[in-house]
Amino acid sequence: MLKVGLTGGLATGKSYVAARLAELGCHVIQADTLGHEVLRRGAEAYDDVVAEFGEGVLGAGGEIDRKLLGALVFPEAAKLKRLNSLVHPHVFRRQQAFFEALERGDPHGIGVVEAAIMIESGSYKRYDRLIVTVCPPEVQVRRFIERGGTEQAARDRLARQLAIEKKRAFADFIIDTSGSFAETDAQVRDVYVRLKREAE
């Protein structure tokens, strides 16, 4: 069983590549989804996050409102770091459980975890191979705006992330998503073939 990390910068097509890999037969999970799950009421990180940041981050029904929480922590690096310290250990435990189940059910399979700050957090070291999606910064900003964000918000987020050119140095495989979907799909298929050969 092969453990694969999938990362990249803001709006570089990580989720698109993840979906294509899943269609080809990889077992894919998103770290963001696991992060949302551990923040739910009664889940692993809920009590610690509410104790740390206060009931002002709660929305209807007592659930943590991720928009309120994000507005509180993203402007301040220390708060964001503290939130990550409360959430990430539980996310990593769920990822480990995912890989253990995959090892039992499909020992020659490919498990892929998609996460945005895999390199920045150092968690890329947990994987056998790392895929990095890339595209020019102006494309990242344009895509983010097309999804309903603002240019300033895009540039703020990019400023907090490791530059794409630096992320390239960590990659076993690079997928450039700046072209057509067909061009991206061809790269994904090539990477999948190479990963499958290694997994078997």
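Predicted model only: the values in this text are computed from it and were never measured.

Enquirer: So what exactly am I meant to see when it comes to the overall build of the protein here?
Expert: A tally of regular secondary structure across the protein gives 10 helices and 5 strands. Against the compact-globule benchmark of 16 Å for 200 residues, the protein has a radius of gyration of 17 Å, which places it among compact chains. By its C-alpha atoms, the protein is 50 × 45 × 25 Å across when sized along the principal axes. Counting only residues that meet the buried cut, the protein has 42% of its 200 residues in that class. Within the protein, residue pairs in contact and separated by at least 24 positions form 72% of the contacts whose partners lie at least 6 positions apart. Total accessible area on the protein stands at roughly 10600 Å², and carbon and sulfur atoms take up 50% of it. A distance of 2 Å separates the average location of the 29 positive side-chain charges in the protein from that of its 29 negative side-chain charges.

Enquirer: Quick question: what am I supposed to make of the packing of aromatic side chains here?
Expert: Describing an aromatic ring pair means giving the distance of the ring centres and the angle of the ring planes. This structure, assessed with the given rule, holds 4 aromatic pairs. Ring centres of Phe 98 and Phe 99 lie 5.2 Å apart, and the angle between their planes is 55 degrees; on these two criteria the pair is classed as tilted. Given a relative accessible area of 18%, Phe 98 falls into the buried group. Of the residues examined, Phe 99 reaches a relative accessible area of 4% and is grouped as buried. Sitting above the plane of the Tyr 16 ring, Arg 20 keeps its charged end 4.4 Å from the centroid. Across from the ring centre of Phe 92, 3.8 Å away, lies the NZ or CZ of Arg 126, which sits over that ring.

Enquirer: Looking at this structure, how should I read helix α7 (residues 137–146)?
Expert: Every α-helix carries 3.6 residues per turn, so stepping three or four residues along brings you back to the same face. Within α7 the residues assigned to the buried category are Val 139, Gln 140, Val 141, Arg 143 and Phe 144. Considering only its buried residues, α7 is in contact with α8 (151–160) and α9 (164–168). Looking one or two residues past α7, Gly 148 carries a phi angle of roughly 105 degrees, positive in sign.

Enquirer: Would you take a moment to explain the packing of helix α4 (residues 66–73) against helix α5 (residues 77–105) for this structure?
Expert: Geometrically, a packed helix pair is captured by the angle between its two axes and the distance between the axes. Between α4 and α5, the least distance of the axes is 8 Å, while the angle of their chain directions is 130 degrees. Taken as axis vectors, α4 and α5 run oblique relative to one another. Mapping the contact onto sequence places Leu 69, Leu 72 and Val 73 in α4 and Lys 79, Leu 80 and Leu 83 in α5. Taken together, the residues of the contact of α4 with α5 break down into 5 nonpolar, no polar and 1 charged.

Enquirer: Can you help me understand the nonpolar core in this one?
Expert: Most often, soluble globular proteins keep nonpolar side chains buried together rather than apart. With 30 residues, the main nonpolar core has Val 49, Phe 53, Leu 69 and Val 87 as its most contacted residues. Mapped onto this core, the elements with two or more residues apiece are α2 (31–38), α3 (46–53), α4, α5, α6 (118–121) and β4 (129–134). Here Phe 53 is in contact with Leu 69, Leu 72, Val 73, Lys 79, Arg 82, Leu 83 and Leu 86, once residues within four sequence places are set aside. If you look at the next biggest cluster of nonpolar residues, it comprises 17 residues, including Val 17, Ile 110, Val 112 and Val 191.

Enquirer: What is the right way to read the environment of Arg 20 from this model?
Expert: Here Arg 20 shows up in helix α1 (residues 14–24). The exposure class of Arg 20 is buried, given its relative accessible area of 18%. The spacing of Arg 20 and Ala 171 is 151 residues in sequence and 19 Å in space, taken between C-alpha atoms. Apart from the residues within four sequence positions on either side, Arg 20 is in contact with Asp 185 and Val 188.

Enquirer: When you look at the sheet that holds strand β2 (residues 27–30) in this model, what are you seeing that I'm missing?
Expert: Remark on secondary structure: sheet strands pair via backbone hydrogen bonds, oriented parallel or antiparallel. Read across the open sheet, the 5 strands follow the order β2-β3-β1-β4-β5; overall the sheet is parallel. For this open sheet the edge positions go to β2 and β5 (173–176), each flanked by a neighbour on one side alone. Ignoring which end each strand starts from, the neighbouring axes of this sheet average 20 degrees apart. In this structure, strand β1 (residues 2–8) lies alongside strand β3 (residues 110–114), joined through 5 bridges in parallel fashion. Bridge pairing in β3 links Val 4 to Val 112. Packing of α2 onto the sheet brings it into contact with β2 and β3, and relative to β2 it is tilted by some 55 degrees. Contacts from helix α10 (residues 181–199) reach β1, β3, β4 and β5 within the one sheet, and its direction differs from that of β5 by about 160 degrees.

The rules we used
- Residues numbered from 1 in each chain as written.
- Predicted model: local features only at pLDDT ≥ 70, side-chain atom pairs only at ≥ 80, totals over all residues.
- Heavy atoms only, no water.
- Helix = DSSP H or I, 4+ residues; strand = E, 2+ residues; numbered from the N terminus.
- Rg over C-alpha atoms; globule rule 2.2 N^0.38 Å.
- Buried < 20%, exposed > 50% of the residue type's maximum accessible area, 1.4 Å probe, protein only.
- Contact = heavy atoms within 4.5 Å.
- Areas by Shrake-Rupley, 256 points an atom, 1.4 Å probe, with all protein chains shown as cover.
- Lys, Arg positive; Asp, Glu negative; His and termini not counted.
- Charge placed at Lys NZ, Arg CZ, Asp CG, Glu CD.
- Phe/Tyr/Trp six-rings, centres within 6.5 Å; stacked < 30°, edge-to-face > 60°.
- Lys NZ or Arg CZ within 6 Å of the ring centre and 35° of its normal.
- Axes fitted to C-alpha atoms, helices over the stretch in contact; angles between N-to-C directions.
- Parallel < 35°, antiparallel > 145°, perpendicular 65-115°, else oblique.
- Nonpolar A, V, L, I, M, F, W, Y, C, P; charged D, E, K, R; others polar.
- Core = buried A, V, L, I, M, F, W, Y, C linked by side-chain atoms within 4.5 Å.
- Pairing = 2+ DSSP bridges.

Spatial relationships are all this shows, so hold off on functional conclusions.
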